[in-house]
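So you can see what is in the structure, the chains are spelled out below.
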Amino acid sequence: MINKLVIPKRIVTADSQDKVLKNQAVEIINGKIAAFIPFEKIQRERYQEVYDVINLTLIPGFIQTHIHLSQTLFRGLAEDLPLLDWLRLKIFPFENAHNENSLKTTAKLSINELLMGGTTTFLDMGTLRYGNVVLEEMISSGIRGFSGKCLIDINDLYSDFKSTAKKEISDIINLAKTFHNSADGRIKYSFSPRFVLSCSENLLKETKEIMKDYPGSMYHTHSSESVDEINEVRKRFNKENIEYFNSIEVLDDHTVLAHCVHTSENERKMLKDKKTRIAHCPSANLKLGSGVAPIPQYLKDGISVTLGADGAPCNNNLSIFNEMRLASLIQKPILGAEVLDAKTTFRMATIEGAKALHLQDEVGSIEVGKKADLVLIDLDSYSNSYSDSDESVYSDIVFSSTTENVKSVMVDGKWLVKNRESLIYDQQELIANGKEHLKKLLKRI
Ligand SMILES: [Zn+2]
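Residues numbered from 1 in each chain as written. Predicted model: local features only at pLDDT ≥ 70, side-chain atom pairs only at ≥ 80, totals over all residues. Heavy atoms only, no water.

### A short note on the overall build of the chain
Okay, step 1: When helices and strands are tallied, the chain shows 16 helices and 18 strands.
Okay, step 2: The C-alpha atoms of the chain give 21 Å as radius of gyration, which agrees with the globular expectation for 445 residues (22 Å, within 12%).
Okay, step 3: C-alpha extents for the chain along the principal axes are approximately 65 × 45 × 40 Å.
Okay, step 4: The burial tally for the chain puts 61% of its 445 residues in the buried class.
Okay, step 5: Within the chain, residue pairs in contact and separated by at least 24 positions form 74% of the contacts whose partners lie at least 6 positions apart.
Okay, step 6: In the form shown here, the chain has an accessible surface area of approximately 16,800 Å², with 48% of it arising from carbon and sulfur atoms.
Okay, step 7: The positive charge centre, built from 55 side chains, and the negative charge centre, built from 60, are 2 Å apart in the chain. (Helix = DSSP H or I, 4+ residues; strand = E, 2+ residues; numbered from the N terminus. Rg over C-alpha atoms; globule rule 2.2 N^0.38 Å. Buried < 20%, exposed > 50% of the residue type's maximum accessible area, 1.4 Å probe, protein only. Contact = heavy atoms within 4.5 Å. Areas by Shrake-Rupley, 256 points an atom, 1.4 Å probe, with all protein chains shown as cover. Lys, Arg positive; Asp, Glu negative; His and termini not counted. Charge placed at Lys NZ, Arg CZ, Asp CG, Glu CD.)

Right under this line is the structure:
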(Lines give C-alpha, C1' and ligand atoms only; values in the text may rest on other atoms or scores of the structure.)
Protein backbone atom coordinates (compact mmCIF):
# COMPACT_ATOMS: atom_id res chain seq x y z
CA MET A 1 0.00 0.00 0.00
CA ILE A 2 1.18 3.52 -0.80
CA ASN A 3 2.29 5.61 2.15
CA LYS A 4 0.28 8.77 2.49
CA LEU A 5 0.38 11.98 4.48
CA VAL A 6 -2.79 14.04 4.96
CA ILE A 7 -2.28 17.64 6.12
CA PRO A 8 -5.63 19.02 7.34
CA LYS A 9 -6.65 22.20 9.12
CA ARG A 10 -7.53 20.20 12.23
CA ILE A 11 -8.38 16.68 13.33
CA VAL A 12 -11.54 15.83 15.28
CA THR A 13 -10.39 12.53 16.75
CA ALA A 14 -13.51 11.22 18.61
CA ASP A 15 -11.03 9.53 20.97
CA SER A 16 -11.82 9.00 24.66
CA GLN A 17 -10.88 12.60 25.47
CA ASP A 18 -12.53 14.11 22.38
CA LYS A 19 -9.23 15.64 21.39
CA VAL A 20 -9.21 18.14 18.53
CA LEU A 21 -5.70 18.39 17.09
CA LYS A 22 -4.25 21.33 15.20
CA ASN A 23 -0.98 21.71 13.27
CA GLN A 24 -0.74 17.91 12.97
CA ALA A 25 -0.69 15.73 9.87
CA VAL A 26 -1.77 12.10 9.71
CA GLU A 27 0.64 9.50 8.36
CA ILE A 28 -1.00 6.45 6.78
CA ILE A 29 0.94 3.24 6.21
CA ASN A 30 -0.55 0.00 4.91
CA GLY A 31 -4.09 1.30 5.39
CA LYS A 32 -3.58 2.26 9.03
CA ILE A 33 -3.03 5.47 10.91
CA ALA A 34 0.69 5.22 11.66
CA ALA A 35 1.43 8.55 13.37
CA PHE A 36 0.49 12.16 13.97
CA ILE A 37 3.29 14.36 12.61
CA PRO A 38 3.63 17.96 13.87
CA PHE A 39 3.72 20.35 10.92
CA GLU A 40 7.29 21.48 11.67
CA LYS A 41 8.53 17.87 11.48
CA ILE A 42 6.96 16.94 8.14
CA GLN A 43 9.43 15.46 5.64
CA ARG A 44 7.48 15.55 2.40
CA GLU A 45 9.97 13.47 0.43
CA ARG A 46 9.19 10.42 2.60
CA TYR A 47 5.71 10.02 1.16
CA GLN A 48 4.34 8.75 -2.09
CA GLU A 49 1.32 11.02 -1.64
CA VAL A 50 1.14 14.25 0.33
CA TYR A 51 -2.40 15.62 0.42
CA ASP A 52 -2.46 19.28 1.37
CA VAL A 53 -5.95 20.08 2.60
CA ILE A 54 -5.24 22.85 5.04
CA ASN A 55 -8.76 24.27 4.54
CA LEU A 56 -10.47 20.98 5.52
CA THR A 57 -11.22 19.21 8.82
CA LEU A 58 -10.39 15.53 9.21
CA ILE A 59 -13.00 13.42 11.01
CA PRO A 60 -13.54 9.66 11.41
CA GLY A 61 -15.67 7.97 8.75
CA PHE A 62 -19.31 7.81 9.84
CA ILE A 63 -20.91 4.53 10.88
CA GLN A 64 -24.59 3.76 10.18
CA THR A 65 -25.99 0.81 12.09
CA HIS A 66 -29.25 0.34 10.20
CA ILE A 67 -29.64 0.65 6.46
CA HIS A 68 -31.45 -1.14 3.58
CA LEU A 69 -29.34 -1.15 0.42
CA SER A 70 -32.02 -3.13 -1.41
CA GLN A 71 -34.57 -0.30 -1.01
CA THR A 72 -32.67 2.67 -2.43
CA LEU A 73 -34.19 2.05 -5.86
CA PHE A 74 -37.64 2.64 -4.34
CA ARG A 75 -37.00 6.15 -3.06
CA GLY A 76 -40.08 8.33 -3.50
CA LEU A 77 -42.41 5.42 -4.24
CA ALA A 78 -43.84 4.72 -0.78
CA GLU A 79 -45.08 8.00 0.59
CA ASP A 80 -47.34 8.92 3.49
CA LEU A 81 -48.03 5.44 4.83
CA PRO A 82 -47.72 3.95 8.33
CA LEU A 83 -45.27 1.05 8.80
CA LEU A 84 -47.44 -2.02 8.19
CA ASP A 85 -49.22 -0.53 5.12
CA TRP A 86 -45.87 0.77 3.87
CA LEU A 87 -44.54 -2.81 3.97
CA ARG A 88 -47.72 -4.50 2.68
CA LEU A 89 -48.57 -2.17 -0.19
CA LYS A 90 -45.15 -1.02 -1.32
CA ILE A 91 -41.92 -2.32 0.13
CA PHE A 92 -42.57 -6.08 0.25
CA PRO A 93 -43.96 -6.14 -3.34
CA PHE A 94 -40.98 -4.05 -4.52
CA GLU A 95 -38.35 -6.15 -2.77
CA ASN A 96 -40.09 -9.31 -3.99
CA ALA A 97 -39.64 -8.12 -7.59
CA HIS A 98 -35.85 -7.71 -7.35
CA ASN A 99 -33.69 -9.76 -9.66
CA GLU A 100 -29.91 -9.93 -9.44
CA ASN A 101 -29.43 -6.99 -11.80
CA SER A 102 -31.80 -4.63 -10.02
CA LEU A 103 -30.31 -5.62 -6.68
CA LYS A 104 -26.78 -4.96 -7.90
CA THR A 105 -27.91 -1.56 -9.20
CA THR A 106 -29.53 -0.56 -5.90
CA ALA A 107 -26.45 -1.75 -3.98
CA LYS A 108 -24.18 0.44 -6.12
CA LEU A 109 -26.51 3.45 -5.80
CA SER A 110 -26.59 3.01 -2.02
CA ILE A 111 -22.85 2.58 -1.55
CA ASN A 112 -22.22 5.59 -3.76
CA GLU A 113 -24.63 7.76 -1.77
CA LEU A 114 -23.23 6.57 1.57
CA LEU A 115 -19.62 7.20 0.57
CA MET A 116 -20.34 10.59 -0.98
CA GLY A 117 -21.93 11.52 2.36
CA GLY A 118 -18.98 10.35 4.47
CA THR A 119 -20.35 7.02 5.70
CA THR A 120 -17.58 4.40 5.59
CA THR A 121 -19.18 1.55 7.60
CA PHE A 122 -22.75 0.28 7.71
CA LEU A 123 -24.95 -2.55 8.92
CA ASP A 124 -27.32 -3.56 6.10
CA MET A 125 -30.58 -5.47 6.55
CA GLY A 126 -30.36 -7.24 3.18
CA THR A 127 -33.32 -8.64 1.30
CA LEU A 128 -34.89 -12.07 0.94
CA ARG A 129 -33.07 -13.25 -2.21
CA TYR A 130 -29.63 -13.00 -3.85
CA GLY A 131 -27.85 -12.07 -0.60
CA ASN A 132 -24.51 -12.67 -2.35
CA VAL A 133 -25.09 -9.76 -4.78
CA VAL A 134 -24.96 -7.03 -2.12
CA LEU A 135 -21.98 -8.61 -0.35
CA GLU A 136 -20.05 -8.92 -3.61
CA GLU A 137 -20.67 -5.26 -4.42
CA MET A 138 -19.53 -4.27 -0.94
CA ILE A 139 -16.31 -6.20 -1.47
CA SER A 140 -15.53 -4.66 -4.86
CA SER A 141 -16.50 -1.09 -3.84
CA GLY A 142 -14.00 -0.87 -0.98
CA ILE A 143 -16.55 0.22 1.68
CA ARG A 144 -16.67 -1.48 5.11
CA GLY A 145 -19.74 -3.16 6.50
CA PHE A 146 -22.04 -6.01 7.37
CA SER A 147 -24.79 -7.49 5.25
CA GLY A 148 -26.65 -10.74 5.00
CA LYS A 149 -29.87 -12.09 3.62
CA CYS A 150 -33.04 -10.89 5.28
CA LEU A 151 -34.94 -13.78 6.87
CA ILE A 152 -38.69 -14.20 6.37
CA ASP A 153 -40.59 -17.46 6.82
CA ILE A 154 -43.98 -16.00 7.77
CA ASN A 155 -45.60 -13.15 5.87
CA ASP A 156 -49.20 -12.21 6.58
CA LEU A 157 -48.70 -8.84 4.92
CA TYR A 158 -47.54 -10.07 1.49
CA SER A 159 -47.48 -13.83 1.22
CA ASP A 160 -45.35 -14.10 -1.95
CA PHE A 161 -42.41 -12.57 -0.11
CA LYS A 162 -41.22 -15.37 2.14
CA SER A 163 -39.23 -18.57 2.25
CA THR A 164 -39.17 -21.58 4.58
CA ALA A 165 -37.17 -21.83 7.80
CA LYS A 166 -35.28 -24.82 6.38
CA LYS A 167 -34.20 -22.98 3.23
CA GLU A 168 -33.39 -19.80 5.15
CA ILE A 169 -31.11 -21.73 7.51
CA SER A 170 -29.22 -23.50 4.71
CA ASP A 171 -28.86 -20.21 2.78
CA ILE A 172 -27.40 -18.28 5.71
CA ILE A 173 -24.89 -21.01 6.51
CA ASN A 174 -23.64 -20.90 2.91
CA LEU A 175 -23.51 -17.11 2.79
CA ALA A 176 -21.82 -16.72 6.17
CA LYS A 177 -19.21 -19.36 5.23
CA THR A 178 -18.43 -17.53 2.00
CA PHE A 179 -18.56 -13.92 3.09
CA HIS A 180 -17.91 -13.52 6.83
CA ASN A 181 -14.58 -11.76 7.33
CA SER A 182 -13.97 -11.55 3.57
CA ALA A 183 -11.83 -8.79 1.98
CA ASP A 184 -9.34 -9.01 4.88
CA GLY A 185 -12.12 -8.66 7.44
CA ARG A 186 -13.57 -5.52 5.85
CA ILE A 187 -16.81 -7.38 5.10
CA LYS A 188 -18.65 -9.25 7.83
CA TYR A 189 -21.83 -11.27 7.83
CA SER A 190 -24.98 -10.12 9.62
CA PHE A 191 -27.85 -12.46 10.39
CA SER A 192 -30.99 -10.48 9.66
CA PRO A 193 -34.41 -11.76 10.72
CA ARG A 194 -36.71 -9.03 9.33
CA PHE A 195 -38.88 -8.58 12.44
CA VAL A 196 -40.89 -10.62 14.91
CA LEU A 197 -44.00 -10.74 12.72
CA SER A 198 -42.13 -12.25 9.76
CA CYS A 199 -40.15 -14.99 11.53
CA SER A 200 -41.04 -18.23 13.27
CA GLU A 201 -39.63 -18.76 16.75
CA ASN A 202 -37.60 -21.65 15.41
CA LEU A 203 -35.99 -19.45 12.73
CA LEU A 204 -35.17 -16.68 15.21
CA LYS A 205 -33.60 -19.10 17.69
CA GLU A 206 -31.73 -21.27 15.21
CA THR A 207 -30.26 -18.21 13.52
CA LYS A 208 -28.86 -17.08 16.88
CA GLU A 209 -27.29 -20.51 17.38
CA ILE A 210 -25.69 -20.51 13.92
CA MET A 211 -24.33 -17.04 14.51
CA LYS A 212 -22.18 -18.36 17.36
CA ASP A 213 -20.08 -20.21 14.74
CA TYR A 214 -19.13 -16.86 13.17
CA PRO A 215 -17.48 -14.68 15.84
CA GLY A 216 -17.72 -11.00 15.00
CA SER A 217 -20.96 -11.38 13.06
CA MET A 218 -24.09 -9.50 14.16
CA TYR A 219 -27.77 -10.34 14.72
CA HIS A 220 -29.74 -7.49 13.16
CA THR A 221 -33.51 -7.05 13.34
CA HIS A 222 -36.29 -4.47 13.78
CA SER A 223 -38.15 -4.03 17.05
CA SER A 224 -40.90 -1.94 18.62
CA GLU A 225 -41.13 0.50 15.74
CA SER A 226 -44.85 1.33 15.55
CA VAL A 227 -47.88 1.04 17.82
CA ASP A 228 -49.76 -1.19 15.33
CA GLU A 229 -46.76 -3.51 15.20
CA ILE A 230 -46.39 -3.89 18.97
CA ASN A 231 -50.17 -4.39 19.32
CA GLU A 232 -49.93 -7.26 16.84
CA VAL A 233 -46.92 -8.72 18.68
CA ARG A 234 -48.83 -8.52 21.97
CA LYS A 235 -51.82 -10.28 20.39
CA ARG A 236 -49.65 -13.09 19.01
CA PHE A 237 -47.30 -13.70 21.91
CA ASN A 238 -48.97 -12.05 24.88
CA LYS A 239 -45.70 -10.22 25.41
CA GLU A 240 -44.03 -6.97 24.52
CA ASN A 241 -41.65 -7.18 21.55
CA ILE A 242 -38.40 -7.06 23.52
CA GLU A 243 -39.83 -9.32 26.25
CA TYR A 244 -40.50 -11.87 23.53
CA PHE A 245 -36.95 -11.58 22.13
CA ASN A 246 -35.62 -11.98 25.65
CA SER A 247 -37.81 -15.04 26.30
CA ILE A 248 -36.33 -16.83 23.27
CA GLU A 249 -32.79 -15.75 24.20
CA VAL A 250 -31.77 -13.76 21.15
CA LEU A 251 -30.73 -10.62 23.00
CA ASP A 252 -27.04 -10.07 23.72
CA ASP A 253 -24.23 -7.65 22.90
CA HIS A 254 -24.10 -8.86 19.28
CA THR A 255 -27.76 -8.03 18.65
CA VAL A 256 -28.75 -4.71 17.03
CA LEU A 257 -32.41 -3.72 17.26
CA ALA A 258 -33.49 -1.01 14.85
CA HIS A 259 -35.92 1.60 16.24
CA CYS A 260 -37.11 0.67 19.79
CA VAL A 261 -39.53 3.60 19.68
CA HIS A 262 -42.10 2.02 22.02
CA THR A 263 -40.60 0.21 25.02
CA SER A 264 -41.61 -0.39 28.64
CA GLU A 265 -39.40 0.06 31.69
CA ASN A 266 -39.08 -3.72 31.93
CA GLU A 267 -37.90 -3.90 28.32
CA ARG A 268 -35.35 -1.14 28.89
CA LYS A 269 -33.98 -3.15 31.79
CA MET A 270 -33.63 -6.18 29.49
CA LEU A 271 -31.81 -4.10 26.86
CA LYS A 272 -29.43 -2.84 29.49
CA ASP A 273 -28.83 -6.21 31.14
CA LYS A 274 -28.20 -7.96 27.81
CA LYS A 275 -26.10 -5.08 26.43
CA THR A 276 -28.28 -5.08 23.32
CA ARG A 277 -27.59 -2.33 20.80
CA ILE A 278 -30.22 0.14 19.54
CA ALA A 279 -30.04 1.63 16.05
CA HIS A 280 -31.96 4.90 16.14
CA CYS A 281 -33.45 6.11 12.84
CA PRO A 282 -35.14 9.44 13.54
CA SER A 283 -36.04 10.34 9.92
CA ALA A 284 -37.83 7.02 9.38
CA ASN A 285 -39.58 7.24 12.74
CA LEU A 286 -40.93 10.68 11.81
CA LYS A 287 -41.81 9.91 8.19
CA LEU A 288 -43.74 6.71 8.98
CA GLY A 289 -45.36 8.49 11.92
CA SER A 290 -43.98 5.84 14.29
CA GLY A 291 -43.07 8.16 17.15
CA VAL A 292 -40.07 9.59 18.96
CA ALA A 293 -37.78 7.02 20.59
CA PRO A 294 -36.78 7.76 24.20
CA ILE A 295 -33.09 8.12 23.32
CA PRO A 296 -32.00 10.31 26.26
CA GLN A 297 -33.55 7.72 28.61
CA TYR A 298 -31.64 4.90 26.88
CA LEU A 299 -28.40 6.84 27.16
CA LYS A 300 -29.08 7.56 30.83
CA ASP A 301 -29.68 3.84 31.36
CA GLY A 302 -26.29 3.10 29.75
CA ILE A 303 -27.79 1.42 26.67
CA SER A 304 -25.82 1.63 23.40
CA VAL A 305 -27.54 3.94 20.90
CA THR A 306 -26.21 4.56 17.40
CA LEU A 307 -27.67 5.97 14.19
CA GLY A 308 -28.88 4.82 10.80
CA ALA A 309 -30.84 6.26 7.89
CA ASP A 310 -32.94 3.07 7.51
CA GLY A 311 -34.23 2.73 3.91
CA ALA A 312 -34.41 5.44 1.26
CA PRO A 313 -38.22 5.06 0.87
CA CYS A 314 -38.85 6.00 4.52
CA ASN A 315 -36.39 8.88 4.78
CA ASN A 316 -35.86 9.79 1.74
CA ASN A 317 -32.09 10.11 2.08
CA LEU A 318 -29.14 8.07 3.33
CA SER A 319 -27.45 11.07 4.92
CA ILE A 320 -25.91 10.67 8.39
CA PHE A 321 -26.10 14.45 8.70
CA ASN A 322 -29.91 14.35 8.58
CA GLU A 323 -29.95 11.62 11.21
CA MET A 324 -27.55 13.43 13.56
CA ARG A 325 -29.45 16.69 13.25
CA LEU A 326 -32.88 15.12 13.79
CA ALA A 327 -31.71 12.78 16.57
CA SER A 328 -30.78 15.81 18.60
CA LEU A 329 -33.55 18.22 17.57
CA ILE A 330 -36.60 15.98 18.00
CA GLN A 331 -35.80 15.43 21.69
CA LYS A 332 -35.51 19.09 22.60
CA PRO A 333 -39.20 20.12 22.44
CA ILE A 334 -40.04 17.15 24.68
CA LEU A 335 -37.18 17.20 27.17
CA GLY A 336 -35.55 20.61 26.92
CA ALA A 337 -32.82 22.28 24.91
CA GLU A 338 -30.04 20.77 27.06
CA VAL A 339 -30.56 17.15 25.95
CA LEU A 340 -28.51 15.36 23.28
CA ASP A 341 -25.81 17.92 22.56
CA ALA A 342 -23.91 17.93 19.29
CA LYS A 343 -20.80 16.20 20.66
CA THR A 344 -22.82 13.26 22.05
CA THR A 345 -24.69 12.99 18.77
CA PHE A 346 -21.46 13.09 16.73
CA ARG A 347 -20.03 10.30 18.89
CA MET A 348 -23.18 8.19 18.28
CA ALA A 349 -22.42 8.43 14.54
CA THR A 350 -18.72 7.56 14.92
CA ILE A 351 -17.04 5.82 17.87
CA GLU A 352 -20.28 4.62 19.50
CA GLY A 353 -21.26 3.06 16.16
CA ALA A 354 -17.92 1.26 16.09
CA LYS A 355 -18.41 0.00 19.66
CA ALA A 356 -21.94 -1.23 18.87
CA LEU A 357 -20.53 -3.35 16.03
CA HIS A 358 -17.46 -4.45 18.03
CA LEU A 359 -15.19 -2.59 15.61
CA GLN A 360 -13.85 -0.07 18.14
CA ASP A 361 -10.30 -1.42 17.88
CA GLU A 362 -10.35 -0.85 14.12
CA VAL A 363 -12.43 2.24 13.31
CA GLY A 364 -14.70 4.97 14.76
CA SER A 365 -11.99 7.40 15.87
CA ILE A 366 -8.72 8.82 14.59
CA GLU A 367 -6.03 7.15 16.69
CA VAL A 368 -2.67 5.60 15.94
CA GLY A 369 -3.05 1.91 15.07
CA LYS A 370 -6.61 2.19 13.79
CA LYS A 371 -7.61 1.68 10.18
CA ALA A 372 -7.58 4.79 8.05
CA ASP A 373 -11.33 5.24 7.50
CA LEU A 374 -11.29 9.02 7.22
CA VAL A 375 -13.42 11.89 5.95
CA LEU A 376 -12.32 15.38 4.97
CA ILE A 377 -15.07 17.91 5.53
CA ASP A 378 -15.24 21.60 4.64
CA LEU A 379 -16.39 23.55 7.70
CA ASP A 380 -15.45 26.91 6.19
CA SER A 381 -18.33 27.33 3.78
CA TYR A 382 -20.62 30.38 4.00
CA SER A 383 -23.21 28.32 5.87
CA ASN A 384 -20.79 27.02 8.53
CA SER A 385 -19.68 28.61 11.79
CA TYR A 386 -17.19 31.48 11.57
CA SER A 387 -15.59 30.41 14.85
CA ASP A 388 -12.56 28.13 14.87
CA SER A 389 -13.07 27.00 18.47
CA ASP A 390 -12.79 23.31 19.27
CA GLU A 391 -16.21 23.23 20.88
CA SER A 392 -18.12 24.77 17.97
CA VAL A 393 -16.76 22.12 15.61
CA TYR A 394 -19.37 19.59 16.81
CA SER A 395 -22.40 21.82 16.27
CA ASP A 396 -20.87 22.85 12.97
CA ILE A 397 -20.84 19.21 11.84
CA VAL A 398 -24.16 18.13 13.38
CA PHE A 399 -26.34 21.20 12.80
CA SER A 400 -24.75 23.23 9.99
CA SER A 401 -23.38 20.61 7.61
CA THR A 402 -24.86 18.35 4.95
CA THR A 403 -23.37 15.68 2.72
CA GLU A 404 -22.30 18.52 0.41
CA ASN A 405 -19.65 19.52 2.95
CA VAL A 406 -17.94 16.14 2.57
CA LYS A 407 -15.03 16.45 0.16
CA SER A 408 -12.90 13.29 0.34
CA VAL A 409 -13.41 9.84 1.85
CA MET A 410 -10.94 7.07 2.54
CA VAL A 411 -11.51 3.46 3.66
CA ASP A 412 -8.61 1.24 4.72
CA GLY A 413 -6.20 3.96 3.58
CA LYS A 414 -7.62 4.03 0.06
CA TRP A 415 -9.36 7.10 -1.40
CA LEU A 416 -12.86 6.20 -2.61
CA VAL A 417 -14.03 9.80 -2.97
CA LYS A 418 -11.66 12.66 -3.70
CA ASN A 419 -12.60 16.32 -4.13
CA ARG A 420 -16.25 15.26 -4.38
CA GLU A 421 -15.56 12.85 -7.23
CA SER A 422 -16.28 9.17 -6.75
CA LEU A 423 -13.20 7.17 -7.67
CA ILE A 424 -15.19 3.95 -7.96
CA TYR A 425 -18.46 4.80 -9.72
CA ASP A 426 -19.56 6.79 -12.74
CA GLN A 427 -22.50 8.54 -11.13
CA GLN A 428 -24.34 9.42 -14.35
CA GLU A 429 -24.19 5.77 -15.35
CA LEU A 430 -25.47 4.70 -11.90
CA ILE A 431 -28.47 7.02 -12.17
CA ALA A 432 -29.29 5.88 -15.72
CA ASN A 433 -29.04 2.22 -14.64
CA GLY A 434 -31.23 2.98 -11.63
CA LYS A 435 -33.97 4.43 -13.82
CA GLU A 436 -33.78 1.54 -16.28
CA HIS A 437 -33.83 -1.23 -13.66
CA LEU A 438 -36.61 0.42 -11.66
CA LYS A 439 -38.80 0.55 -14.78
CA LYS A 440 -38.20 -3.15 -15.44
CA LEU A 441 -38.71 -4.08 -11.79
CA LEU A 442 -42.08 -2.32 -11.57
CA LYS A 443 -43.27 -4.38 -14.56
CA ARG A 444 -42.45 -7.58 -12.63
CA ILE A 445 -44.89 -6.80 -9.79
ZN1 LIG B 1 -35.30 -0.87 8.61
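Next comes the rest of the description.
### Topic: a nonpolar patch on the surface
Okay, step 1: Judged by side-chain polarity, L286, V292, I334 and L335 come together as a nonpolar surface patch covering roughly 330 Å² of accessible area.
Okay, step 2: Looking at the secondary structure, you find L286 in helix α9 (residues 282-287). (Patch = residues over 30% accessible without salt bridge, like charges linked within 9 Å, V, L, I, M, F, W, Y side chains within 5 Å. Salt bridge = Lys/Arg side-chain N within 4 Å of Asp/Glu carboxyl O.)

### Digging into the packing of aromatic side chains
Okay, step 1: Applying the stated criterion to the full structure yields 10 aromatic pairs.
Okay, step 2: Ring centres of Y244 and F245 lie 6.4 Å apart, and the angle between their planes is 40 degrees; on these two criteria the pair is classed as tilted. Here the two residues Y244 and F245 agree in accessibility, since each one is buried.
Okay, step 3: Ring pairs connect the aromatic residues F62, F321, F346 and Y394, which therefore count as one cluster.
Okay, step 4: Sitting over the ring of Y51, K418 keeps its end group 4.6 Å from the ring centre. (Phe/Tyr/Trp six-rings, centres within 6.5 Å; stacked < 30°, edge-to-face > 60°. Lys NZ or Arg CZ within 6 Å of the ring centre and 35° of its normal.)

### A closer look at the pairing of strand β7 (residues 119-124)
Okay, step 1: Burial runs high along β7: six of the six residues are buried.
Okay, step 2: Looking at chain direction, strand β6 (residues 62-67) and β7 are connected through four bridges and run parallel. Following the sheet pairing, I63 is matched in β7 by T121.
Okay, step 3: Pairing analysis gives three bridges linking β7 to strand β8 (residues 144-147), with the strands arranged parallel. Looking at the pairing, T121 lines up with R144 of β8.
Okay, step 4: Handedness of the crossover joining β7 and β8 through helix α3 (residues 131-141) is recorded here as right-handed. (Pairing = 2+ DSSP bridges. Right-handed = clockwise from strand over helix to strand, strands pointing away.)

### Side note on the coordination of the zinc ion
Okay, step 1: Surrounding the zinc ion are the protein donor atoms H66 (NE2), H68 (NE2), H222 (NE2) and D310 (OD), at 2.0 to 2.2 Å.
Okay, step 2: Around the zinc ion sit four donor atoms; with metal-centred angles ranging over 89 to 172 degrees, the donor geometry is irregular.
Okay, step 3: Read from N- to C-terminus, the donor residues coordinating the zinc ion fall into the pattern H-x1-H-x153-H-x87-D. With H68 in the loop between β6 and α1 (83-96) and H222 in strand β11 (residues 218-223), this residue pair connects regions lying 154 residues apart in the sequence. Here the two residues H68 and H222 agree in accessibility, since each one is buried. (Donors = N, O, S within 2.8 Å, 3.2 Å for Na, K, Ca; no water. Tetrahedral: all angles 85-135°; square planar, octahedral: opposite > 155°, others 65-115°.)

### Description of the pairing of strand β12 (residues 255-259)
Okay, step 1: The element β12 is largely enclosed, with a buried count of five among its five residues.
Okay, step 2: Pairing analysis gives five bridges linking β11 to β12, with the strands arranged parallel. Pairing of S223 across the sheet is with H259, part of β12.
Okay, step 3: Summarising the sheet, β12 and strand β13 (residues 277-280) pair through three bridges and their orientation is parallel.

### Topic: helix α11 (residues 320-329)
Okay, step 1: Residues of α11 that are buried: I320, F321, E323, M324, A327 and S328. Take α11 and look down its axis: the buried residues cluster within an arc of 165 degrees, on one side only.
Okay, step 2: The N-capping residue of α11, defined by a side-chain oxygen 3.1 Å from the backbone nitrogen of F321, is S319. (Arc of directions from axis to C-beta. Polar contact = N/O pair within 3.5 Å; in protein donor to acceptor, adjacent residues only side chain to side chain.)

### Topic: the packing of helix α4 (residues 165-179) against helix α5 (residues 201-211)
Okay, step 1: Interaxial distance between α4 and α5 falls to 10 Å at its minimum, and their mutual angle equals 20 degrees. Of the possible angle classes, the one that applies to α4 and α5 is roughly parallel. Judged by the sense of rotation from one axis to the other, the crossing of α4 with α5 is right-handed. In this structure, α4 uses A165, E168, I169, I172 and I173 to contact α5, whose residues at the interface are N202, L203, E206, T207 and I210.
Okay, step 2: Its residues assigned to classes, the contact of α4 with α5 shows six nonpolar, two polar and two charged. (Axes fitted to C-alpha atoms, helices over the stretch in contact; angles between N-to-C directions. Parallel < 35°, antiparallel > 145°, perpendicular 65-115°, else oblique. Left-handed = near helix turned anticlockwise from the far one by under 90°. Nonpolar A, V, L, I, M, F, W, Y, C, P; charged D, E, K, R; others polar.)

### What to know about the nonpolar core
Okay, step 1: Grouped together as the largest cluster of nonpolar side chains are 108 residues, with contacts concentrated most on F62, W86, F191, M324, F346 and I397.
Okay, step 2: Among the nonpolar cores identified, the runner-up in size contains 16 residues, and I28, L58, I366 and L376 belong to it. (Core = buried A, V, L, I, M, F, W, Y, C linked by side-chain atoms within 4.5 Å.)

### Details of the pattern of salt bridges
Pairs can form between side chains of opposite charge whenever their charged atoms are close.
Okay, step 1: Applying the stated rule across the entire model yields 34 salt bridges.
Okay, step 2: The salt bridge involving R144 is made with E362; its shortest N-O contact spans 4.0 Å. Here the residue R144 occupies a position in strand β8, and E362 occupies one in the loop between α14 (351-356) and β15 (374-377), the gap between them amounting to 218 residues.
Okay, step 3: For the salt bridge of K370 with E367, the shortest nitrogen-to-oxygen distance reads 3.7 Å.
Okay, step 4: Linked by salt bridges that have partners in common, R144, E362, K371, D373 and D412 make up one network.

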